[in-house]
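Observations on the three-dimensional arrangement
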Amino acid sequence: MKKGDHLFLVDGSGYIFRAYHALPPLTRKSDGLPVGAVAGFCNMLWKLLQNARDTEVGVTPTHFAVIFDHSSKTFRNDLYPEYKANRSEPPEDLVPQFGLIREATRAFDLPCVELQGFEADDLIATYARLASEAGAETTIISSDKDLMQLVTDQVSMYDPMKDREIRIPEVIEKWGVPPEKMIDLQALTGDSVDNVPGVPGIGPKTAAQLLEEYGDLDTLLERAGEIKQNKRRENLIEHAEKARVSRELVRLRIDAPVEEGVDTFELSPPDGPKLIGFLKAMEFSTLTRRVAEATGADAGEIDATHVEVEAGDEAHGPDMGSDAASGKDATGTASAASSVADGVDTPQKLADALAEAAPAQTIDRTAYVCIRDLDTLREWIADAYEAGLVAFDTETTSLDPMQAELCGFSLASRPGKAAYVPLSHKNGTGDLLGGGLIEGQIPEKEALDAIRGLMADPAVLKIGQNLKYDWLLMYRLGVEIVNCDDTMLISYVLDAGTGSHGTVGHGMDALSERWLGHVPIPYKELTGSGRNQITFDMVDIERATAYAAEDADITLRLWQVLKPRLAARGLVSVYERLERPMIPVIGRMEHRGIEVDRQILSRLSGDFAQTAAAMEDEIYELAGERFTIGSPKQLGDILFGKMGLPGGSKTKTGQWSTSAQVLEDLATAGHPLPRKIVDWRQVTKLKSTYTDALPGYINAETGRVHTSYALASTTTGRLSSSEPNLQNIPVRTAEGRKIRAAFIAPRGRKLISADYSQIELRVLAHVADIPELKKAFADGLDIHAMTASEMFDVPVEGMPPEVRRRAKAINFGIIYGISAFGLANQLGIPREEAGAYIKRYFERFPGIKDYMDNTKAQARATGYVETIFGRRAHYPEIRSSNPQLRAFNERAAINAPIQGSAADIIRRAMARMDAALENAGLGEVQMLLQVHDELVFEAPEEAVEKVIPVICDIMENAALPARALSVPLQVEARAADNWDEAH
DNA sequence: GTGGTCTCCTA
DNA sequence: GTAGGAGACCACA
């Protein structure tokens, strides 16, 4: 064991008692064996092993052991015969679980440690000392106060039931004394459960106060005579010896003669089949499925292990044989998954074997079923329960889930076995009002009623492709989908940015071709396209069945191939924490929409039209002719041809550029026309893109605007917004802000806008570890002024605005993967000068240069870079021989961890926000929009003051507990009637 | 009608 | 210099 390693020590005995009382009683289904504590224990171990990075612990263990009490008699009984004397026998239904928990530990392939004559706590103390001496960190999985004396900088505790970490500050907060004084504190207070006497009349509060005043127990007992309170003084003097004995009882031994060294606790990957065998024997179906998913094992192929149950806590069951892995199912027909699973021993090999086997499986559309009656549907639902999972897909009349009507849905619980349930297919015989519903379809309401329970049942995993769509559609129809996996999001986590120019999409057709070697029926083949396109409800049911059932079948097969790849590549927590939770969160946001004032926009549109018309007249006058102002080509001909103005830069097709920058320069040079063009463009841009387009997005039913957020479209992890894009509503100019002011709250409610201040620079300060930046943020300084002061040796006081502006541009440039060319462009200075600035910056903040070089090197070596939460962004073209393309990818790779980490942080905030607002009980407070570093909410007017701190708290602490940033996050929030004033 | 180019809106 | 989406124009089908 060495520095950088991390030892997890689970207090197995402590856990049993706590779980037994805290968790609902649970018995094994088949024979009534009580297994509640075992279930809790297994779930906890699995969670720790799987998600340690994202629980409060925030680290991944390298070493792991579970520690148990050996027997009830220990060296403490020699010190004090009454120790634990008033302990009653453990409850009857807990007794058999002692042995089972040891079996569980072995099934997890974890060391199971106990020692005659010592309590688990002593072994934990001893191992924590050994780990600390080796320079490693230790996390003790327990919330027992008796262990808090062990907490140091290197040793912390974790309460698995509350998902809470206990470090030095938490100990002080809880007990009023630091960990090293816990022994003295417990000596004074005693412990009635363990029959440690202590001093009568002294509880934790008094003890902490006395220790604060006198320093330690010995001093306190010596000077007890000075205490003013009569009773307290007498007790301390009279029971001094009891206190000293108590101290020896509570003091943990750090020198227990342990047999196994800490090095033997090194963690190896779980043996899926062995573990599954045990879990099946316990009949923990949910956990069995989770383990099967994560390890890629096929649970259906593994037999339950035979587990002997003995009474008493020294029970040792039979050895967990690894033959469990070779178990075949009753029919003897090995599925694709299980046949490739043989002889495969690592998650990566298994994932690769699954991927290799998948294209060989044939996809037979003739086997698909069309479900036309409720009884058959119910059979399929029962199948889904049996399998514990179901691929689900809807067919509708629109790409917009807020407008779409349901035509039918498809289900698949086993590869090749898929069904379509048509609900509202019509034939052409109806009149213009769309009659002609085809007979033999289950009425929509009855079908929805039938699947509602399945969809809402967390015990059955719902698998979809772009499930947010189906989630929102079904939510509108009163069906909530709980516990989802999304193959699109899994693919996104695995492969964001792979392929040249990010060409690897995560759509189903692309995934099917790539992973299954199968081209699904193209949608257009059923509906046609263009003017003759028909809606899906007009598609012939037989053809619809082949198409729709295939979608569910393919989704299920994709899931089987892709899901194991997450574990193989260490991306489970990225998916679980940053992607999966977004489906319902974003689904609800889109469903809520935001109110937009039609009148304001219509009035603005009229104003803009008038202004533009007047400008057009002036432009024609100045140009001497009428032309299409909006055509860069025609405009170029006028400016640089007819009028003979000097051209600035050229576009990549060789045309003279007419960009705002070029026109601005010409205007500065004294020409009147370019200025008019710039102004005209601004007005027409605002009119066409915003005031004219937005009203068309107001939903007829809800009267609100519902954007659509793409969860898997960016390389960095940001969301994108479309139809309409609400992430680019104007804010920089006064004219533009009039549009923003059209986004309003309904009567009696307010909009709240909360945005992270400088989140990307803060992330940069953290990841590149720049002391000056970190200090500036910690002190709440003006970061750009500080940068300017460092770079140009100018005091912050009385700094000219231009100096600060340059520093600001450089700071942003750093985030964007700076180049002298880009900075020169931005600041309008010569390239050499920009280069000199950059050089100076790197001299002042050498850590930034290191960060950039390291990031580039990592991207070159691995093909990807990572955010602080482990999200990966791929840049395969960083190895291109084309210098321009390579440089571009280098800049993007430098930017991605910064932009991506910020994106991850706000995703974490969003994942928690709904529950936090709900718990706050402040009325209907709803998260409506996300604009990269800003969240927009709607809240009752009277609740606003109380809501804002709740929002800020969640956002500012969003990185915790997974990551502790070395820089504080700061959120600014305001409420108003419209988005402009709130922002 | 579709796709490429240019421009411009946001963080 | 990063990450997006969208509208207008225009050449092509």
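Residues numbered from 1 in each chain as written. Chains lettered and ligands numbered in written order. Predicted model: local features only at pLDDT ≥ 70, side-chain atom pairs only at ≥ 80, totals over all residues. Heavy atoms only, no water.

Before going further, it helps to spend a moment on the overall build of chain A. A count of helical and extended segments in chain A gives 39 helices and 22 strands. Computed over the C-alpha atoms, the radius of gyration of chain A is 33 Å, within 12% of the 30 Å expected from 2.2 N^0.38 for a compact globule of 983 residues. Overall, the C-alpha framework of chain A stretches about 110 × 80 × 60 Å when taken along its three principal axes. Going through the 983 residues of chain A one by one, you find that 52% of them count as buried. In the form shown here, chain A has an accessible surface area of approximately 42600 Å², with 50% of it arising from carbon and sulfur atoms. The average position of the 106 basic charges and that of the 146 acidic charges among the side chains of chain A differ by 5 Å. (Helix = DSSP H or I, 4+ residues; strand = E, 2+ residues; numbered from the N terminus. Rg over C-alpha atoms; globule rule 2.2 N^0.38 Å. Buried < 20%, exposed > 50% of the residue type's maximum accessible area, 1.4 Å probe, protein only. Areas by Shrake-Rupley, 256 points an atom, 1.4 Å probe, with all protein chains shown as cover. Lys, Arg positive; Asp, Glu negative; His and termini not counted. Charge placed at Lys NZ, Arg CZ, Asp CG, Glu CD.)

The next point concerns the environment of Lys650. Tracing the backbone through its elements, the reader meets Lys650 in the loop between helix H26 (632–642) and helix H27 (660–668). Spatially, the C-alpha atoms of Lys650 and Val662 are 9.8 Å apart, while their sequence positions differ by twelve residues. For Lys650, the contacting residues outside a window of four places in its chain are Gln655, Trp656 and Ser657. (Contact = heavy atoms within 4.5 Å.)

Further remarks concern the pairing of strand E2 (residues 63–67). Counting buried positions along E2 yields five of five residues, so the element is predominantly enclosed. Neither face of E2 is left uncovered, since the one carrying His63, Ala65 and Ile67 and the one carrying Phe64 and Val66 both have all their residues buried. When E2 meets strand E3 (residues 112–113), the two strands line up parallel, connected through two bridges. Counted as the bridge partner of Val66 is Cys112 from E3. (Pairing = 2+ DSSP bridges.)

Looking now at the protein's contact with DNA strand C. Neighbouring DNA strand C are 32 residues, the closest being Ser631, Glu723, Asn725, Ala809 and Phe821. Note that a phosphate oxygen of DNA strand C is positioned 2.8 Å from one of the backbone N or O atoms of Glu723. Measuring from a base nitrogen of DNA strand C, one finds a side-chain N or O atom of Gln826 at 3.3 Å. Of all the elements in the fold, those that place two or more residues in the surface near DNA strand C are helix H28 (672–691), strand E15 (720–722), helix H33 (801–815), helix H34 (820–827) and helix H37 (883–920). (Near = heavy atom within 4 Å. Polar contact = N/O pair within 3.5 Å; in protein donor to acceptor, adjacent residues only side chain to side chain.)

Attention shifts here to the domain arrangement of chain A. Assigned domains of chain A: these are domain 1 (6–167 + 253–265) and domain 2 (365–569). Centre-to-centre separation of domain 1 and domain 2, based on C-alpha positions: 45 Å. (Domains from an automatic or database assignment.)

A word on the protein's contact with DNA strand B. Among the 23 residues in the neighbourhood of DNA strand B, the closest are listed as Thr651, Thr653, Thr658, Val731 and Asp933. At 2.7 Å, a backbone N or O of Thr658 approaches a phosphate oxygen of DNA strand B. Asn728 has a polar side-chain atom sitting 3.0 Å from a base oxygen of DNA strand B. The leading source of residues in the surface near DNA strand B is H28, at four residues. For the surface near DNA strand B, the class distribution of residues is seven nonpolar, nine polar and seven charged. (Nonpolar A, V, L, I, M, F, W, Y, C, P; charged D, E, K, R; others polar.)

Moving on to the packing of helix H4 (residues 95–107) against helix H12 (residues 272–282). It is the contact of H4 with H12, at a shortest axis distance of 9 Å, that shows an interaxial angle of 150°. Between H4 and H12, the crossing angle belongs to the class labelled roughly antiparallel. Residue-level inspection shows Leu100, Glu103, Ala104, Arg106 and Ala107 of H4 in contact with H12, the latter providing Lys274, Leu275, Phe278 and Met282. (Axes fitted to C-alpha atoms, helices over the stretch in contact; angles between N-to-C directions. Parallel < 35°, antiparallel > 145°, perpendicular 65-115°, else oblique.)

This next bit is on the sheet that holds strand E7 (residues 369–370). What the six strands build is an open sheet, ordered E7-E10-E9-E8-E11-E12; its pairing is mixed. Lying at the two open borders of the sheet, with one neighbouring strand each, are E7 and strand E12 (484–486). Relative to E12, strand E11 (residues 461–464) is paired through three bridges, and the arrangement is parallel. From the neighbouring strand, Lys462 faces E12, where its bridge partner is Cys484. Across the sheet, helix H17 (residues 444–456) touches strand E8 (389–396), strand E9 (406–414) and E11, and the angle it forms with E9 is around 40°.

Taken together, four strands build an open sheet; the order of strands is E20-E21-E17-E22 and the sheet is antiparallel. This sheet does not close on itself; its edge strands, each paired only once, are strand E20 (926–930) and strand E22 (971–976). For this sheet, the mean inter-axis angle between neighbouring strands, taken without regard to orientation, is 25°. Summarising the sheet, strand E17 (residues 749–756) and E22 pair through six bridges and their orientation is antiparallel.

Direction vectors running N to C along helix H22 (residues 541–568) and helix H23 (residues 572–579) enclose 110°, while the axes themselves pass 6 Å from each other. Judged by the inter-axis angle, H22 sits roughly perpendicular to H23. Here Lys563, Leu566 and Ala567 of H22 lie close against H23, whose contacting residues are Val572, Tyr575 and Glu576. Split into classes, the residues belonging to the contact of H22 with H23 amount to four nonpolar, no polar and two charged.

Looking now at the pairing of E20. In terms of residue burial, E20 counts as a mostly covered element, since five of its five residues are buried. Taken together, the four bridges between E20 and strand E21 (residues 934–940) define a ladder with antiparallel strand orientation. In the sheet register, Met927 faces E21, and the bridge partner there is Phe937. In this structure, the hairpin formed by E20 and E21 is closed by a connection of three residues, where His932 is found at a positive phi of approximately 70°.

For an α-helix, the turn length of 3.6 residues means that residues three or four places apart are oriented alike. For H17, spanning 13 residues, the distance from its first C-alpha to its last is 18 Å, which sits close to the expected 18 Å at 1.5 Å a residue. The sharpest bend along H17 comes to roughly 30°, located at Ala450. Every buried residue of H17 is listed here: Ala447, Leu448, Ile451, Leu454 and Met455. Its buried side turned inward, H17 meets helix H16 (374–387), E8, E9, E11 and helix H18 (467–476). (Expected span 1.5 Å × (residues − 1). Bend = angle between axes of the 7 residues up to and from the residue.)

Turning to the pattern of salt bridges, a few remarks are in order. Following the criterion strictly, the structure yields 61 salt bridges and no others. Notably, a salt bridge pairs Asp449 with Lys445, separated by 2.8 Å at the nearest N-O pair. You can see Asp449 and its partner Lys445 sitting in helix H17, four residues apart, about one turn around the helix. Taking the shortest distance from any N to any O, the salt bridge between Asp779 and Lys775 comes out at 2.6 Å. For Asp779, a relative accessible area of 43% puts it in the partly exposed group. (Salt bridge = Lys/Arg side-chain N within 4 Å of Asp/Glu carboxyl O.)

Now for the side chain of Glu119. Mapped onto the elements of the fold, Glu119 is located in the loop between E3 and helix H5 (120–133). Using a relative accessible area of 6% as the deciding quantity, one classes Glu119 as buried. Reaching out from Glu119, the side chain makes a polar contact with the side chain of Arg76 at a distance of 3.2 Å. Engagement of the side chain of Glu119 in a polar contact is seen with the side chain of Tyr83, the distance being 2.7 Å. When neighbours within four sequence positions are excluded, Glu119 is seen to be in contact with Asp69, Thr74, Arg76, Tyr83 and Lys84.

With omega at -5°, the peptide bond leading from Glu723 into Pro724 counts as cis. Tracing the backbone shows Pro724 in the loop between E15 and helix H29 (734–740). Cis rather than trans, the peptide bond between Leu960 and Pro961 has omega equal to -5°. Along the chain, the position of Pro961 falls in the loop between helix H38 (944–956) and E22. Even without glycine at this site, Asp793 takes up a positive phi of about 55°. Here Asp793 shows up in the loop between helix H32 (783–792) and H33.

One pass over the structure, following the stated rule, counts 17 aromatic pairs. Their ring planes at 65° and their centres at 4.8 Å tell us that Tyr127 and Phe265 sit as a pair that is edge-to-face. Here Tyr127, found in helix H5, pairs with Phe265, found in the loop between helix H11 (240–250) and H12; they are 138 residues apart in sequence, far enough to count as distant. Residue classification places Phe265 among the buried residues on the basis of a relative accessible area of 1%. (Phe/Tyr/Trp six-rings, centres within 6.5 Å; stacked < 30°, edge-to-face > 60°.)

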